[in-house]
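Below are the chains, spelled out letter by letter.
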Amino acid sequence: MNSVFINGEVVDRANAKIDIEDRGYQFGDGIYEVIRVYGGNTFTMKEHMVRLYQSAEKMKLEIPYPEEELTAHLLKLIDSNQVKDGIVYLQVTRGVSARQHHFPSGDVIGSVVAYTKDFPVPSQQMELGVTAKLLEDIRWLRCDIKSLNLLGNLLAKEEAASEGHFEAILHRGDTVTEGSSSNAFMVKDGVIYTHPATNLILNGITRRVIEGLCRENTISFQEEAFLVRELLEADEVFIASTTSEVMPVIKIDEQTIGDGKPGPVTKRLQALFSERKREQSPVK
Ligand code: PDD
């Protein structure tokens, strides 16, 4: 089945139509979430929904459904498409109105679409580790909003990917911020460091799960920004996101990290993360 959710209805994808004056299409004036499905159950759905409504508030965007109703629509879509291991992509824009930069009047209703996609866990890369390229963070100063405006992220990812890297790790001046579509972490002397959840990064849901796992298992976790030089001299580096979970980074540019293999702290977190996936009771 290839059903999608569009403005209140679940329909066949071929019948879903978006107006060319949708503000998401014209301006990137909208927000989104990518939510994991494991074995047919959503993972951290509540956290993603809360972040969606927070992003909406930060850009004065009204989501036309209450959270519980939108969640129910997504669960119906997952059922309808019989998703096992995959993702749900959910997007809300400021709706359709004659093109103008300022916001349309209050009677314009936001457009909400969602679709599902199979997305197996990238097990091989998680086991072997991946490489990354360091690039200057040229994005805007509200990276805490999960907005559709991703051009800065795309340019970085494209440059990294065209050279065979899995991810671009971004830095503002000397300070490491995050990946182009992930959060970045380094391990030094048994302590995990990651950039604090300020306007300069997206406060990832996977990042927060990792933080919780560290707290529960007395692994030292510091929300403290670190420098490019410190990253390159780290014992271990990993990135984290909904789609890549806890992903070891074994080489950055020409610099091998640690001994060039996924390190013990990263592997322990991967094991704890897998356990958490199994434990998490389904939303439905
Ligand atoms: N990306 N930082 C950025 C810039 C991101 O785009 C993402 C997620 C993350 C990690 O957030 P989370 O753990 O909530 O997935 C951090 C998603 C997966 C994407 O755009 O496809």
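About the criteria used
Residues numbered from 1 in each chain as written. Predicted model: local features only at pLDDT ≥ 70, side-chain atom pairs only at ≥ 80, totals over all residues. Heavy atoms only, no water. 1 Å grid on protein atoms, 1.4 Å probe; cavity = no way out; pocket = protein on both sides within 12 Å on 5 of 7 lines; lining within 4 Å. Points joined across faces, edges and corners; volume = space filled by probe spheres on them. Helix = DSSP H or I, 4+ residues; strand = E, 2+ residues; numbered from the N terminus. Nonpolar A, V, L, I, M, F, W, Y, C, P; charged D, E, K, R; others polar. Pairing = 2+ DSSP bridges. Axes fitted to C-alpha atoms, helices over the stretch in contact; angles between N-to-C directions. Domains from an automatic or database assignment. Contact = heavy atoms within 4.5 Å. Buried area = accessible area lost by both parts, 1.4 Å probe. Salt bridge = Lys/Arg side-chain N within 4 Å of Asp/Glu carboxyl O. Polar contact = N/O pair within 3.5 Å; in protein donor to acceptor, adjacent residues only side chain to side chain. Near = heavy atom within 4 Å. Areas by Shrake-Rupley, 256 points an atom, 1.4 Å probe, with all protein chains shown as cover. Sits in = over half its atoms within 2 Å of the grid points.

**Student:** Any chance you could explain the layout of surface pockets here in plain terms?
**Tutor:** If a probe the size of a water molecule is rolled over the atoms, the empty space left behind becomes visible. Of the pockets and cavities examined, the largest pocket occupies roughly 750 Å³. Elements with a contribution of two residues or more to the lining of the largest pocket: strand E3 (30-38), strand E5 (86-93), strand E6 (111-118), helix H5 (151-162), strand E9 (175-179), helix H6 (205-216) and strand E13 (236-241). A per-element tally of the lining of the largest pocket places H5 first, with five residues. Its residues assigned to classes, the lining of the largest pocket shows 15 nonpolar, 14 polar and seven charged. There is about 330 Å³ of room inside the second largest pocket.

**Student:** Explain the sheet that holds E6 to me, please; I cannot follow it from the model alone.
**Tutor:** One open sheet holds the six strands; their spatial order is E2-E1-E6-E5-E3-E4, and the pairing between them is antiparallel. Of all strands in the sheet, those bounded by a partner on one side alone are strand E2 (9-12) and strand E4 (41-43). Across the sheet, the mean angle from the axis of one strand to that of its neighbour is 30°, orientation sign disregarded. The sheet contact formed by strand E1 (residues 3-6) and E6 spans three bridges and is antiparallel. Across the sheet, Val4 pairs through a bridge with Tyr115, a residue of E6.

**Student:** What should I look at first to understand the domain arrangement of the protein in this one?
**Tutor:** Interfaces are often sized by the accessible area lost when the parts come together. Taken domain by domain, the protein consists of domain 1 (3-118) and domain 2 (123-279). For domain 1 and domain 2, the distance between their C-alpha centres works out to 26 Å. With 23 residues of domain 1 at the interface, the matching set in domain 2 holds 20 residues. With both sides pooled, the region where domain 1 packs onto domain 2 buries about 1,800 Å², and carbon together with sulfur makes up 63% of that total. The interface formed by domain 1 and domain 2 holds one salt bridge in total. Across the contact surface, domain 1 and domain 2 share eight residue pairs in polar contact (both at pLDDT 80 or more). Broken down by secondary-structure element, the contributors of at least two residues to the side of domain 1 that touches domain 2 are helix H1 (23-27), E3, helix H2 (45-58) and E5. The element best represented in the side of domain 1 that touches domain 2 is E3, accounting for eight residues. Classifying every residue of the side of domain 1 that touches domain 2 by side-chain character gives 10 nonpolar, eight polar and five charged.

**Student:** Even after reading the chapter, I still don't get unusual backbone geometry, so can you show me in this structure?
**Tutor:** Phi is mostly negative for residues that are not glycine, and the peptide bonds are mostly trans. Phi at Asn7 takes a positive value of approximately 45°, unusual for a residue other than glycine. You can see Asn7 is positioned in the loop between E1 and E2. A positive phi angle, near 50°, is found at Asp253, a position not held by glycine. Position of Asp253 relative to the elements: it lies in the loop between strand E14 (245-252) and strand E15 (255-256).

**Student:** Sorry, what's going on with the site of the ligand here?
**Tutor:** Taken together, 20 residues surround the ligand, and among them Tyr32, Glu178, Ile205, Thr206 and Thr242 come closest. At 2.9 Å, a side-chain N or O of Arg51 approaches an oxygen atom of the ligand. Here Ile205 contributes a backbone N or O atom positioned 2.8 Å from an oxygen atom of the ligand. Protein coverage of the free-state accessible area of the ligand, which is 470 Å², stands at 89%. For the ligand, the cavity whose grid points lie within 2 Å of the majority of its atoms is the largest pocket. Where the shell around the ligand is concerned, the elements lending two or more residues are E3, H2, E9, H6 and E13. Its residues placed into classes, the shell around the ligand shows five nonpolar, 11 polar and four charged. Residue-level mapping places the shell around the ligand at the junction of two domains, with at least three residues from each of domain 1 (3-118) and domain 2 (123-279).

**Student:** Teacher, can you tell me more about the side chain of Arg139 here?
**Tutor:** By the secondary structure assignment, Arg139 is in the loop between strand E7 (130-136) and H5. A distance of 2.9 Å separates the side chain of Arg139 from the side chain of Asp137, its partner in a polar contact. Looking at Arg139, its side chain comes within polar contact range of the side chain of Glu178, at 2.9 Å. Those residues in contact with Arg139 that sit more than four places away from it in its chain are Gly152, Asn153, Leu170, Arg172, Thr177, Glu178 and Leu200.

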